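# Tertiary structure, described
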Amino acid sequence: IRGRLSVWLAKKKLAHRPLGFDYQGVETLQIRSEDWLSIAVALYVYGFNYLRSQCAYDVAPGGLLASVYHFTKVQDDADQPEEVCIKVFVSRQNPKIPSIFWIWKSADFQERESYDMLGITHESHPRLKRILMPDSWIGWPLRKDYIVPDFYELQDAY
Amino acid sequence: MADIGAQTPFFYILREREMIYDLFEAATEGIGIIGREEAINWGLSGPMLRASGVKWDLRKVDHYECYDELDWQIQWQIGGDSLARYLVRIGEMRESVKIIQQALKIIPGGPFENLEARRLHRGKNSEWNDFEYQFISKKPSPTFKLPKQEHYIRAEAPKGELGIFLIGDDSVFPWRWKIRPPGFINLQILPQLVKGMKLADIMTILGSVDIIMGEVDR
């Protein structure tokens, strides 16, 4: 079974891969990083006007990095509106995803946070710099292969 | 002080100002206006979205828990300036009181158990003061396991939409636990709101956005 959005995207001949449904019935699609911008515009045209959250995680230590976007339609007096979850997988060595800041401005800080924590560069994002860690930090803290530097506070105090 | 999360001084200041009501309206009207489309595009949620004319409240949209059985209205205003946000928050306080009164009436009857009171009543030698019970809130239960699924759960916090994206890993610890803090996302719009305003209005705008820095920084 394919969800409504998957059928609509297939009609417009936009490349995507449906990943089935979430445990709450949310449709999940996988998009390639090159196609992401055009499909993002198509989603905005379809009606998804609210980027709820943008999250990034790594799939396996040494494997791909994934960036997850949750969209929904915000209307007055809404009643369980449609929502969709988009995943973009990128390689660990060269993680580049086009930024969707110019379509949904709510991606501003969230993309900066996934850049800061996992190193996913968002192209054409204005002012993409570290947001939670200090500006001169080296390394991407939330990757699974990150080694925490030896802090004075974390050493055993006797 | 606002960094640690104390926001009651903001309310005290607003209450003092309400004594001089005209001054308050002049200070907050027309400050930090957000249009309806912009508010949706910037991903705002909670009182900021509702003050810009969008009737969106997760408690009504998602139909979660027992909010459907209670009778209450969404507070919203058009004209997304600081005054509108203030009115939305005050209206929400009033609606919350009504919700609490209705909820108190529909609490199911029956006996209830209060272990803490029993422990204090029995004194030092009671079985409730045992070694096992002292750490009862610190140990995870032996059957606790996060299955290998991913969930995005959302709730309506006073700031906005608090979302948790959890990827389980068949063990006690999750693989990824991302919190979508409403304050973080509501703060994104601040540079745009401040453009063209007087310097003294920054405090008004920041107070109306209702920021808790602890949630922003995590």
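Scroll up to find the structure this text is about.
Everything in this summary refers to the structure shown in the same document. (Residues numbered from 1 in each chain as written. Chains lettered and ligands numbered in written order. Predicted model: local features only at pLDDT ≥ 70, side-chain atom pairs only at ≥ 80, totals over all residues. Heavy atoms only, no water.)

## What to know about the side chain of Ser 99 of chain A
Residues and elements named next belong to chain A. Inspection of the secondary structure puts Ser 99 in the loop between strand S6 (96–98) and helix H3 (107–118). Among the polar contacts made by the side chain of Ser 99, one reaches the side chain of Glu 111 at a distance of 2.8 Å. The residues contacting Ser 99, other than those within four sequence positions of it, are Leu 37, Glu 111, His 122, Glu 123, Ser 124 and His 125. (Helix = DSSP H or I, 4+ residues; strand = E, 2+ residues; numbered from the N terminus. Polar contact = N/O pair within 3.5 Å; in protein donor to acceptor, adjacent residues only side chain to side chain. Contact = heavy atoms within 4.5 Å.)

## So, the packing of helix H1 (residues 4–11) of chain A against helix H2 (residues 36–46) of chain A
The packing of two helices is summarised by the inter-axis angle and the distance between the axes. Residues and elements named next belong to chain A. At a minimum axis distance of 12 Å, the contact between H1 and H2 shows a crossing angle of 115°. Seen from above, H1 lies across H2 with right-handed handedness. Within the contact between the two elements, H1 uses Arg 4, Leu 5, Trp 8 and Leu 9 and H2 uses Ile 39, Ala 42, Leu 43 and Tyr 46. Considering only residue class, the contact of H1 with H2 consists of seven nonpolar, no polar and one charged. (Axes fitted to C-alpha atoms, helices over the stretch in contact; angles between N-to-C directions. Left-handed = near helix turned anticlockwise from the far one by under 90°. Nonpolar A, V, L, I, M, F, W, Y, C, P; charged D, E, K, R; others polar.)

## Let's talk about the sheet that holds strand S2 (residues 27–31) of chain A
Residues and elements named next belong to chain A. Here we have five strands laid out as an open sheet, ordered S1-S2-S5-S4-S3, and mixed in their pairing. The open sheet is flanked by strand S1 (17–21) and strand S3 (50–58), the only strands paired with a single partner. The sheet shows a mean angle of 20° between the axes of neighbouring strands, taken without regard to direction. Note that S3 and strand S4 (residues 65–72) share eight bridges and pair antiparallel. Residue pairing for S4: Leu 51 is matched across the bridge by Phe 71. Most of the contacts of H3 go to S3, to which it runs at about 5°, and overall it touches S3 and S4. (Pairing = 2+ DSSP bridges.)

## A look at the interface of chain B and chain A
If you look at the interface, chain B gives 35 residues, while chain A gives 44 residues. Between chain B and chain A the total buried area reaches about 3500 Å² when both faces are included, carbon and sulfur atoms providing 53% of it. In terms of surface lost to chain A, no three residues of chain B exceed Asn 41, Trp 56 and Trp 175 of chain B, which account for 19% of the buried area on that side. Viewed at the interface, chain A and chain B are joined by five salt bridges. (Buried area = accessible area lost by both parts, 1.4 Å probe. Salt bridge = Lys/Arg side-chain N within 4 Å of Asp/Glu carboxyl O.)

## Side note on the packing of aromatic side chains
If you walk through the whole model with that rule in mind, you get 13 aromatic pairs over all chains. Arranged with centres 6.4 Å apart and planes meeting at 50°, the rings of Tyr 50 of chain A and Trp 56 of chain B form a pair that is tilted. Remark: Trp 56 of chain B occurs in the loop between helix H4 (47–50) and helix H5 (58–61) and Tyr 50 of chain A occurs in strand S3; the pair is interchain, linking two chains. Just as Tyr 50 of chain A is buried, Trp 56 of chain B falls in that class too. Within the aromatic cluster, the residues linked to one another by ring pairs are Trp 36, Tyr 44, Tyr 69, Phe 71 and Trp 104 of chain A. When the ring centre of Phe 48 of chain A is taken as reference, the NZ or CZ atom of Lys 73 of chain A above it lies at 5.6 Å. Against the face of Trp 72 of chain B rests Lys 60 of chain B, its NZ or CZ located 4.6 Å from the ring centre. (Phe/Tyr/Trp six-rings, centres within 6.5 Å; stacked < 30°, edge-to-face > 60°. Buried < 20%, exposed > 50% of the residue type's maximum accessible area, 1.4 Å probe, protein only. Lys NZ or Arg CZ within 6 Å of the ring centre and 35° of its normal.)

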